[in-house]
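Geometric and topological summary
Listed here are the chains, written in short residue letters.
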Amino acid sequence: MAPPAPRDMGDSKYLDVNAVGKAFKGTSVMSGMDFRVGRGELVSLLGPSGCGKTTLLRIIAGLTTADSGEVLLDGRAITSAPAHKRNISVVFQSYALFPHLTVAENVAFGLRARGHAKTDCGPKVAEALALVRMSDFAERKVAALSGGQQQRVAVARALIVDPVLLLLDEPFSALDRKLRETMQVELKTLLRDRNMTAIFVTHDQDEAMGVSDRIAVMNAGQIEQFATPSELYARPASAFVMDFVGLSTRLNGEVIESTENRSTIRSAYGTVHAPGTFVPGTKVTIGVRPELVKTRAAENTLRVTLADAMVLGSKTQLHGRAEAGDRLLCEVPGMNSDYAPGDTVTFGWDVADSLVYETGT
Ligand SMILES: Nc1ncnc2c1ncn2[C@@H]1O[C@H](COP(=O)(O)OP(=O)(O)O)[C@@H](O)[C@H]1O
Ligand SMILES: [Mg+2]
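Residues numbered from 1 in each chain as written. Chains lettered and ligands numbered in written order. Predicted model: local features only at pLDDT ≥ 70, side-chain atom pairs only at ≥ 80, totals over all residues. Heavy atoms only, no water.

With that settled, the discussion passes to the overall build of the chain. Looking only at helices and strands, the chain features eight helices and 19 strands. Dimensions of the chain, computed from C-alpha atoms along their principal axes, come out at roughly 75 × 45 × 40 Å. When the 361 residues of the chain are sorted by exposure, 47% land in the buried category. Taking all contacts inside the chain whose residues are at least 6 apart in sequence as the whole, residues at least 24 apart take part in 67%. Surface accessibility of the chain: about 16400 Å² in total, with carbon and sulfur atoms responsible for 51%. Computed over 39 positive and 41 negative side-chain charges, the separation of the two mean positions in the chain equals 6 Å. (Helix = DSSP H or I, 4+ residues; strand = E, 2+ residues; numbered from the N terminus. Buried < 20%, exposed > 50% of the residue type's maximum accessible area, 1.4 Å probe, protein only. Contact = heavy atoms within 4.5 Å. Areas by Shrake-Rupley, 256 points an atom, 1.4 Å probe, with all protein chains shown as cover. Lys, Arg positive; Asp, Glu negative; His and termini not counted. Charge placed at Lys NZ, Arg CZ, Asp CG, Glu CD.)

Moving on, we get to the pairing of strand 16 (residues 315-320). Burial analysis of strand 16 places five of its six residues in the buried class, which makes it a mostly covered element. Pairing geometry for strand 15 (residues 300-311) and strand 16, over five bridges, is antiparallel. Paired with Met-310 across the strands is Gln-317, a residue of strand 16. Connecting the antiparallel pair strand 15 and strand 16 is a turn made up of three residues, with Gly-313 showing a positive phi of about 100°. (Pairing = 2+ DSSP bridges.)

Another aspect to go through is the site of ligand 1. If you check the shell around ligand 1, you find Phe-24, Val-29, Pro-48, Ser-49, Gly-50, Cys-51, Gly-52, Lys-53, Thr-54 and Thr-55 and nothing else. Between ligand 1 and the protein, one listed contact pairs an oxygen atom with a backbone N or O atom of Gly-50 at 2.7 Å. Within the contact set of ligand 1, an oxygen atom lies 2.9 Å away from a side-chain nitrogen or oxygen of Lys-53. When isolated, ligand 1 has an accessible area of 560 Å², and the protein chains bury 55% of it. It is helix 1 (residues 53-61) that provides the largest number of residues to the shell around ligand 1, a total of three residues. Tallied by class, the residues present in the shell around ligand 1 amount to four nonpolar, five polar and one charged. (Near = heavy atom within 4 Å. Polar contact = N/O pair within 3.5 Å; in protein donor to acceptor, adjacent residues only side chain to side chain. Nonpolar A, V, L, I, M, F, W, Y, C, P; charged D, E, K, R; others polar.)

The strands that make up a sheet are held in pairs by hydrogen bonds between backbone atoms, and each pair lies either parallel or antiparallel. If you trace the six strands from one edge of the open sheet to the other, you get 6-7-8-3-9-10, paired in mixed fashion. Looking at strand neighbours, the two that pair on one side only are strand 6 (88-91) and strand 10 (222-227), the edges of this open sheet. Across this sheet, the average inter-strand angle for adjacent strands is 20°, counted without regard to direction. Sheet contacts for helix 1: strand 3 (42-46), strand 6, strand 7 (165-169), strand 8 (198-202) and strand 9 (214-219); angle to strand 7, the most-contacted strand, approximately 155°. Strand contacts of helix 4 (residues 147-159): strand 6 and strand 7, with the helix running at about 170° to strand 6, the strand carrying the most contacts. (Axes fitted to C-alpha atoms, helices over the stretch in contact; angles between N-to-C directions.)

All right, on to the nonpolar core then. Among the nonpolar cores identified, the biggest contains 38 residues, and Val-107, Val-125, Leu-129, Leu-166, Leu-187, Leu-191 and Phe-200 are the most heavily contacted of them. If you list the elements that add at least two residues to this core, you get helix 2 (103-112), helix 3 (121-131), helix 4, strand 7, helix 5 (177-193) and strand 8. Counting residues per element, this core draws most heavily on helix 4, at six residues. Once residues within four sequence positions are removed from consideration, Leu-191 is found in contact with Leu-42, Leu-159, Leu-166, Met-196, Ala-198 and Phe-200. In terms of nonpolar packing, the next biggest core, distinct from the first, is built from 27 residues, Met-30, Ile-88, Leu-167 and Ala-216 among them. (Core = buried A, V, L, I, M, F, W, Y, C linked by side-chain atoms within 4.5 Å.)

As a further point, take the pairing of strand 14 (residues 283-288). Burial of strand 14 is extensive: five of the six residues sit out of reach of the surface. Alignment of strand 14 against strand 19 (residues 355-360), held across five bridges, turns out to be antiparallel. The residue of strand 19 that forms the bridge with Gly-287 is Leu-355.

Once that is clear, we can look at the side chain of Thr-285. With respect to the helices and strands, Thr-285 occurs in strand 14. For Thr-285, the side chain forms a polar contact with the side chain of Asn-252, separated by 2.9 Å. Beyond its immediate chain neighbours, meaning those up to four positions away, Thr-285 contacts Met-242, Arg-250, Leu-251, Asn-252, Leu-355, Val-356, Tyr-357 and Thr-359.

This paragraph deals with the packing of aromatic side chains. Aromatic ring pairs are defined here through the distance separating the ring centres and the angle between the ring planes. Under the definition given, this model contains four aromatic pairs. Between Phe-240 and Phe-244, the aromatic rings sit 5.6 Å apart at their centres with planes inclined by 15°, giving stacked as the arrangement. Taken together, the residues Phe-240 and Phe-244, both in helix 8 (residues 239-244) and four residues apart, mark about one turn of the helix. The ring centre of Phe-226 lies 4.0 Å from the NZ or CZ of Arg-214, which sits over that ring. Over the ring of Tyr-233 we find Arg-289, and its NZ or CZ is 4.1 Å from the ring centre. (Phe/Tyr/Trp six-rings, centres within 6.5 Å; stacked < 30°, edge-to-face > 60°. Lys NZ or Arg CZ within 6 Å of the ring centre and 35° of its normal.)

Looking at the assigned domains, one finds that the chain contains domain 1 (15-242) and domain 2 (248-360). Taking the mean C-alpha position of each, domain 1 and domain 2 sit 38 Å from one another. At the interface, eight residues of domain 1 touch nine residues of domain 2. A buried area of about 720 Å², summed over both sides, lies between domain 1 and domain 2, and 56% of it is on carbon and sulfur atoms. Considering only the side of domain 1, the residues that lose the most area to domain 2 are Tyr-233, Ala-239 and Met-242, jointly responsible for 79% of the buried surface there. (Domains from an automatic or database assignment. Buried area = accessible area lost by both parts, 1.4 Å probe.)

This is the structure we're talking about:
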């Protein structure tokens with residue numbers, strides 16, 4: 001395999017998806033989709049099922065034709081290039097391996113599909129298998145491998161052709177949780193070491209946060225926010241992003257008073273304050289990340305009746321009784337057995353820690 005190209009996080013136009021639209025049988029899946037990825041970046045497309053993640057991935061790979069817009073890779077238009085001319089590798093959710101072939105044969109298939117003679121495949125296959133730590137399994141039939149091993153084979157087959165871009169569609173979804181976490185770290189390290197540019201499709205926020213430099217949060221064919229994991233968590237651009245990435249207290253309310261950059265909001269649990277100026281009467285959703293909510297009075301203070309107290313090991317979650325559509329959540333560090341359902345507890349947080357989104361008037 002070629003030595004890795006230098007990583008260029010500044011050049012965020014290595015992949016340039018420009019105003020792409022796609023409809024199936026007259027139903028639009030996406031329109032005006034813009035999506036740019038830098039060389040060497042690991043990016044995730046995160047969103048609920050049906051939001052268009054796979055469709056976008058397939059358009060980039062050349063497996064689905066866009067109705068409008070263009071796709072550029074390293075400055076070259078590839079919009080109408082056939083999939084096999086793009087040198088983009090795809091790892092599918094199902095891995096799409098041949099169960100009756102050996103590991104080595106499956107990996108060699110990646111090369112042979114691109115016209116390499118069988119005889120030159122040996123050293124490259126050995127190298128690709130070493131990369132994913134599967135050298136000892138070269139002659140094993142794929143059907144006799146565990147899920148994690150099959151995933152490694154699929155990755156080796158994708159990388160053996162030195163792709164200019166690697167696309168992975170829900171690559172960990174067939175693995176159990178423990179293995180999934182191990183494979184995420186392993187794959188991220190491998191791709192980093194090779195300065196591979198890769199796009200992961202996932203509906204799992206922990207996975208997206210764990211493997212990516214940046215995450216594009218998708219909703220109904222639109223990217224709602226494209227940012228680093230910490231930006232998404234700390235400053236979600238919409239209530240959808242706040243709900244999709246991480247947990248939060250969430251209160252629906254109405255602005256009753258607004259001065260310069262501070263609003264007073266009536267909620268079902270009392271009055272709270274949030275940053276920002278709104279016309280009185282505006283309906284808003286207030287969010288607070290659970291580790292920013294303390295069990296003592298602060299600028300915003302609510303008295304909450306606990307519905308549950310969950311000791312989760314590294315943290316304890318206190319869930320307050322809330323109206324439909326609202327959530328009251330506080331996390332205290334470590335294992336804390338001071339709380340029980342039915343207890344009345346103070347939840348407090350600072351105004352500056354409140355996220356606020358307009359939901360209507
Ligand atoms: N080949 C197809 N024919 C018709 N509808 C499709 C096809 N592929 C995807 N869709 C529709 O497009 C929407 C987006 O699908 P998809 O990109 O697979 O979403 P995701 O991967 O985010 O779950 C869905 O409503 C899906 O039913
Ligand atoms: Mg999908």
